[in-house]
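Here's the letter readout for the chains.
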Amino acid sequence: MPSIDSKDIKKLIVACDAGMGSSVMLASQLRKQLKDSGVTVEHTPVNSIPDDADVVVCHAGLAARAKASAPGKPLVSFQIFLGDPAVTKLVNTIKNGGTVDA
């Protein structure tokens, strides 16, 4: 199971599929929440996750594709785009320290 210490997270990727806007809203929300943390938040298609991603966030329905696109990267999957407990836990871990396991 891939993991990363929060202090080593520099780039967080929000991966999407159809680009309908929900994941763009999530990426924007994460940018605001993490603006003072030194973490860059980017939004990319699930099949084009960059090699320099430290953590990948995507909807549970895309998790298998994200794992194939970014093997070995910690993956945080969620069920709801705004207010999901998994995303809240990730933000709190980045802000307060700890390990992100996925």
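The paragraphs below set out a description of the structure included in this document.

Rules used in this analysis
- Residues numbered from 1 in each chain as written.
- Predicted model: local features only at pLDDT ≥ 70, side-chain atom pairs only at ≥ 80, totals over all residues.
- Heavy atoms only, no water.
- Helix = DSSP H or I, 4+ residues; strand = E, 2+ residues; numbered from the N terminus.
- Expected span 1.5 Å × (residues − 1).
- Buried < 20%, exposed > 50% of the residue type's maximum accessible area, 1.4 Å probe, protein only.
- Arc of directions from axis to C-beta.
- Polar contact = N/O pair within 3.5 Å; in protein donor to acceptor, adjacent residues only side chain to side chain.
- Salt bridge = Lys/Arg side-chain N within 4 Å of Asp/Glu carboxyl O.

1. Concerning helix 3 (residues 85–96)
When the terminal C-alpha atoms of helix 3 are compared, their 16 Å separation across 12 residues agrees well with the 16 Å that a helix rising 1.5 Å per residue should span. Considered for burial, the residues of helix 3 that qualify are Val87, Leu90, Val91, Thr93 and Ile94. Seen along its axis, helix 3 keeps its buried residues to an arc of 160°; they face one direction. Of the residues in helix 3, the exposed ones pointing more than 90 degrees away from the buried face are Pro85, Lys89 and Asn96. One side-chain oxygen of the residue at the start of helix 3 lies 2.9 Å from the amide nitrogen of Ala86, identifying that residue as Asp84. Among the residues trailing helix 3, Gly97 stands out with phi positive, at a value near 95°.

2. Let's talk about the pattern of salt bridges
Tallying each qualifying case throughout the model produces 4 salt bridges. Glu42 serves as the salt-bridge partner of Lys11, at 3.4 Å between the closest nitrogen and oxygen. You can see Lys11 sitting in strand 2 (residues 11–16) and its partner Glu42 sitting in strand 3 (residues 40–45), a full 31 residues away along the chain. Accessibility expressed as a relative area gives 27% for Glu42, which makes it partly exposed. The salt bridge partner of Lys11 is Asp52, with a shortest N-O separation of 2.8 Å. Of this pair, Lys11 sits in strand 2 while Asp52 is found in the loop between strand 3 and strand 4 (55–59), placing the two residues 41 residues apart along the sequence. Judged by its relative accessible area of 14%, Lys11 falls in the buried class. Each of Lys11, Glu42 and Asp52 takes part in a single network of salt bridges with overlapping partners.

The values reported here are purely geometric and, on their own, carry no functional implication.
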